Amino acid sequence: MRIHRRAALALLASLLSLFVGCGSTGNADSSTPVADSVSTVAHPPLPPLFDDLERRTFNFFWETANPDNGLVPDRWPSSPDFASIASVGFALVAYVDGVERGYITRAQARERVLATVRFFDRAPQGPQASGVAGYKGFFYHWLHRRTGERWSSGVELSTIDTALLVAGMLFTQAYFDGPDAGEAEIRDTVQRIYERIDWRWAQVRPPRIGMGWKPESGFIAHDYEGYDEAMILYLLALGSPTHAVEPAAWQAFTETYGRSWGSYMGQRHLGGAPLFWHQYSHLWVDFRGIRDAYMRDKGIDYFENARRATLAQREYAIANPGGWRDYGADVWGLTACDGPGYILAGDYQGRTVQFHGYAARGAGRVHTLDDGTIAPTAAAGSLPFAPEVVIPAVQAMHQRYGEVIYSTYGFTDAFNRSFTTAVKIEGGRVVPGWGWVGTDYLGIDQGPIIGMIGNYRDELVWKHMRRHPALKRGLQRAGFSGGWLGN
């Protein structure tokens, strides 16, 4: 069910981390440090396609958001009123990108950001099950786009989605630094929202941070652990000026990396099967040249780690152990995305295959989930890590399949050239002789595309977040040092 999507994906990843997945190659070696390695990534110019992709992706956030409260659909066009708070965090990045690229004026962006932060500042909070948007400073994962209230009784108060929302807010706080009264209000309002969040309350099993809470059943019985997108959650909790968690929280988080370190597809790195694990935190945090104790021991930084994960996924597609149609050097990218549905059906070769609906697809030494579904955001969102392979992939997918997968707001969420059976599907459509294509755009998949294009062009998010005191404090309390952060 979509209502439990992120919690279910995180739980699945935690359970699967206990087993070696079908794509495993090489051996884990968590105790052996490696020689220092510093990323030296080439920076080729972006072709015109990226200008068009960036503008269309910006238009998604600008045109689908409710201008009165800033709430953005989780997916469009199928569920226009089903709003995601994480999508709002990505939208705040998109608005600033729009200013820098000349799509809108600074005043237009300021007005939209003000509407957004005013809503979250004033939205009712409380322990009741309905009529509120959050509790203890956190917000419910999904809200009604028009009313701003919790979508339904199945929706959790989400720690990670609140973190992604607040990361976007803190970015706007750093960007809108002028004397204008509206910009001052943005800064003050964001600070108030951030200071209200009681991160310690979410440490139901301290020192780790839990996934969330529901008024009907209490705390979710799982914490964020193991290498994943929750780095930004822990860093913002560590950097809080009012309810900060202790540094032991980061130590406990990294202690659960477990067997994720090792060699896979020729790359030695800290694995994470879906690429969004390597993208979400990196969108806001410039990890180049800064390291915590874990990465100092490994001799690399998290940016180099994400680069290796990206290259390993491409090598997986080239090897194509599942025999999927069209996988290769320029058609790759597995992450959380839509799919044909949880259907047992024939593929293009006549094999009976278990396909999936929305799922955290990925490839890694601990866990692989792959049903032939490619998500363009997986490659595009890794642009800063490995532009030499990302740019050709984005171009190739557009050139080969653009008539099917590229439309109003850029790439639709996902496609599967191996799914050709004419059976009832859960979403998207089957193109005869071609395969399955998703027909929705997902805010949390659109976000890494525009955010990482902005970071690649001129470090749009990174350069402002590097000077944000809360992020710097969080990184230092987590034990990061070196590079732009200093000692």
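Predicted, not measured: the structure shown is a model, and the values here were computed from it.

S.K.: When you look at the pairing of strand β2 (residues 79-84) in this model, what are you seeing that I'm missing?
M.R.: Within a regular beta strand, the side chains point alternately toward one face of the sheet and then the other, so they alternate between its two faces. In this sheet, β2 lies alongside strand β1 (residues 73-76) in antiparallel orientation, the contact comprising 2 bridges. Within β2, the position partnered with Arg-75 by the bridge is Ser-79. In sequence, β1 turns back onto β2 through a hairpin of 2 residues. In this structure, β2 lies alongside strand β5 (residues 142-144), joined through 3 bridges in antiparallel fashion. Bridge assignment links Ala-83 to a residue of β5, and that residue is Leu-143.

S.K.: In this structure, what is going on with the pattern of salt bridges? I would like to understand it.
M.R.: Side chains bearing opposite charge may pair, as long as their charged atoms lie close to each other. Applying the stated criterion to the full structure yields 34 salt bridges. Beyond isolated ion pairs, a larger network of salt bridges with shared partners links Arg-106, Arg-110, Asp-177, Asp-180, Glu-183 and Arg-467.

S.K.: How should the sheet that holds strand β17 (residues 415-416) be read in this particular structure?
M.R.: Strand order in the open sheet formed by 3 strands is β17-β19-β18, and the pairing between neighbours is antiparallel. What marks the edges here is a single partner per strand, and that holds for β17 and β18 (429-431). Relative to strand β19 (residues 435-437), β18 runs antiparallel, the two sharing 3 bridges. Following the sheet pairing, Val-430 is matched in β19 by Trp-436.

S.K.: Explanation requested: unusual backbone geometry in the structure shown.
M.R.: Working note: non-glycine residues mostly have negative phi, and peptide bonds are mostly trans. Note that the residue after Trp-76, namely Pro-77, is joined by a cis bond; omega there is 10 degrees. Along the chain, Pro-77 falls in the loop between β1 and β2. Cis peptide bonds are those with omega within 30 degrees of zero, and the linkage from Pro-206 to Pro-207 qualifies with 10 degrees. Backbone geometry places Lys-136, a non-glycine residue, at a positive phi of 55 degrees. Looking at where Lys-136 falls in the secondary structure, it is placed in the loop between β3 (134-135) and β4 (138-140). Of note, Glu-459 is a non-glycine position whose phi angle comes to about 55 degrees, a positive value. Mapped onto the elements of the fold, Glu-459 is located in the loop between α14 (443-458) and α15 (460-465).

S.K.: Looking at this model, I keep getting lost on the packing of aromatic side chains. Mind explaining?
M.R.: Ring pairs (aromatic) are described by centroid distance and by the angle formed between their planes. Overall, the coordinates contain 41 aromatic pairs when judged by the stated rule. With 4.9 Å between their ring centres and 75 degrees between their planes, Phe-119 and Phe-120 make a pair best called edge-to-face. Just as Phe-119 is buried, Phe-120 falls in that class too. Taking 5.6 Å as the distance between ring centres and 85 degrees as the angle between the ring planes, the aromatic pair formed by Tyr-135 and Trp-201 counts as edge-to-face. Taken together, the residues Tyr-135 in strand β3 and Trp-201 in the loop between α6 (181-196) and β7 (212-214) connect sequence positions 66 residues apart. Among the aromatic residues, ring-to-ring pairing joins Tyr-227, Tyr-234, Trp-250, Phe-253, Tyr-257, Phe-287, Tyr-294, Tyr-302 and Phe-480 into one connected group.

S.K.: Explanation requested: the sheet that holds β7 in the structure shown.
M.R.: Where strands meet in a sheet, backbone hydrogen bonds hold them as pairs that are either parallel or antiparallel. Reading across from one edge, β3-β4-β6-β7-β8 is the order of the 5 strands in this open sheet, with antiparallel pairing throughout. At either end of the open sheet lies a strand with only one pairing partner, and these are β3 and β8 (218-219). Where β3 and β4 come together, 2 bridges link them in antiparallel fashion. What sits directly across from Gly-134, in β4, is Phe-139.

S.K.: Could you clarify how one ought to interpret the packing of helix α7 (residues 231-239) against helix α16 (residues 469-477) in this entry?
M.R.: Between two packed helices, what matters for the description is the angle formed by their axes and the separation of those axes. Between α7 and α16, the shortest axis-to-axis distance is 7 Å and the interhelical angle comes to 100 degrees. Comparing the axis directions of α7 and α16 gives the class roughly perpendicular. Facing Leu-235, Leu-238 and Gly-239 of α7, the residues of α16 in contact are Ala-470, Leu-471, Arg-473, Gly-474, Leu-475 and Arg-477. Partitioning the contact of α7 with α16 into residue classes produces 5 nonpolar, 2 polar and 2 charged.

S.K.: Could you clarify how one ought to interpret helix α13 (residues 387-405) in this entry?
M.R.: Quick reminder: α-helices carry 3.6 residues per turn. Residues three or four places apart thus point the same way. The end-to-end C-alpha distance of α13 is 21 Å, clearly below the 27 Å that 19 residues give at a rise of 1.5 Å each. The sharpest bend along α13 comes to roughly 55 degrees, located at Gln-399. For α13, the set of buried residues is Pro-387, Val-389, Val-390, Ile-391, Ala-393, Val-394, Ala-396, Met-397, Tyr-401, Gly-402, Val-404 and Ile-405.

S.K.: For this particular structure, what's the right way to read the side chain of Thr-310?
M.R.: Along the polypeptide, Thr-310 turns up in helix α11 (residues 302-319). Residue Thr-310 is classed as buried on the basis of its relative accessible area, which comes to 0%. In this structure the side chain of Thr-310 is engaged in a polar contact, spanning 2.9 Å, whose partner is the backbone oxygen of Ala-306. In terms of polar contacts, Thr-310 uses its side chain to reach the side chain of Ser-382, at 3.4 Å. With near-sequence residues (within four places) excluded, Thr-310 lies in contact with Leu-275, Trp-332, Ser-382, Phe-385 and Ala-386.

S.K.: Please explain α14 as it appears in this structure.
M.R.: Helix length check: α14 (16 residues) gives 23 Å between terminal C-alpha atoms against 22 Å at 1.5 Å per residue, within 8%. Of all 16 residues in α14, 14 are buried; the element is thus mostly enclosed. Phi turns positive one or two residues past the end of α14, at Glu-459, with a value near 55 degrees.

S.K.: Is there a simple way to think about the packing of helix α2 (residues 48-64) against helix α3 (residues 85-101) in this case?
M.R.: For the pair α2 and α3, the least separation of the axes is 9 Å and the interaxial angle reads 125 degrees. Taken together, the axes of α2 and α3 are oblique relative to one another. Handedness of the crossing formed by α2 with α3: left-handed. Across from Asp-51, Glu-54, Phe-58, Phe-61 and Trp-62 in α2, the residues of α3 making contact are Ser-87, Phe-90, Ala-91, Ala-94, Tyr-95, Asp-97, Gly-98 and Arg-101. Of the residues in the contact of α2 with α3, the class split is 7 nonpolar, 2 polar and 4 charged.

Reading the values: rules and limits
- Sequence order sets the numbering: in each chain, residues are counted from 1 along the sequence as written.
- Per-residue local features are limited, in this predicted model, to residues with pLDDT of at least 70; the limit for side-chain atom pairs, both in listing and counting, is 80 or more; totals at the level of whole chains, interfaces and linings are taken over all residues.
- Side-chain numbers here rest on the full set of heavy atoms in the structure, without hydrogens or water.
- The pairing criterion for strands is at least two bridges between them, as found by DSSP.
- Only DSSP runs of H or I with at least four residues qualify as helices, and only runs of E with at least two residues qualify as strands; both kinds are numbered from the N terminus onward.
- Whenever Lys or Arg places a side-chain nitrogen within 4 Å of a carboxyl oxygen from Asp or Glu, that contact is recorded as a salt bridge.
- Ring pairs shown here join Phe, Tyr and Trp side chains whose ring centres sit within 6.5 Å, with only the six-membered ring taken for Trp; geometry is labelled stacked below 30 degrees between planes, edge-to-face above 60, and tilted in between.
- When accessible area is computed with a 1.4 Å probe and restricted to protein chains, residues below 20% of their type maximum are described as buried, those above 50% as exposed, and intermediate ones as partly exposed.
- Between the N-to-C directions of two axes lies an angle of 0 to 180 degrees, each axis being a line fitted to C-alpha atoms and, for a helix, fitted only over the stretch in contact.
- With respect to orientation, any angle under 35 degrees is reported as roughly parallel, any angle over 145 as roughly antiparallel, any angle of 65 to 115 as roughly perpendicular, and every other angle as oblique.
- Note on contacts: a residue pair qualifies if any of its non-hydrogen atoms lie within 4.5 Å across the two residues.
- Classes in brief: Ala, Val, Leu, Ile, Met, Phe, Trp, Tyr, Cys and Pro nonpolar; Asp, Glu, Lys and Arg charged; the others, Gly included, polar.
- Every helix has an expected span of 1.5 Å times one less than the residues it contains.
- The reported bend at a residue is simply the angle between two axes, fitted to the 7 residues ending at it and to the 7 residues beginning with it.
- Contacts described as polar in this section are N or O atom pairs within 3.5 Å, which, within protein, must combine one atom able to donate a hydrogen with one able to accept it, while residues neighboring in sequence count only if both atoms come from side chains.
- Rotating anticlockwise by less than a right angle from the far helix to the near helix defines a left-handed crossing, while the corresponding clockwise rotation defines a right-handed one.

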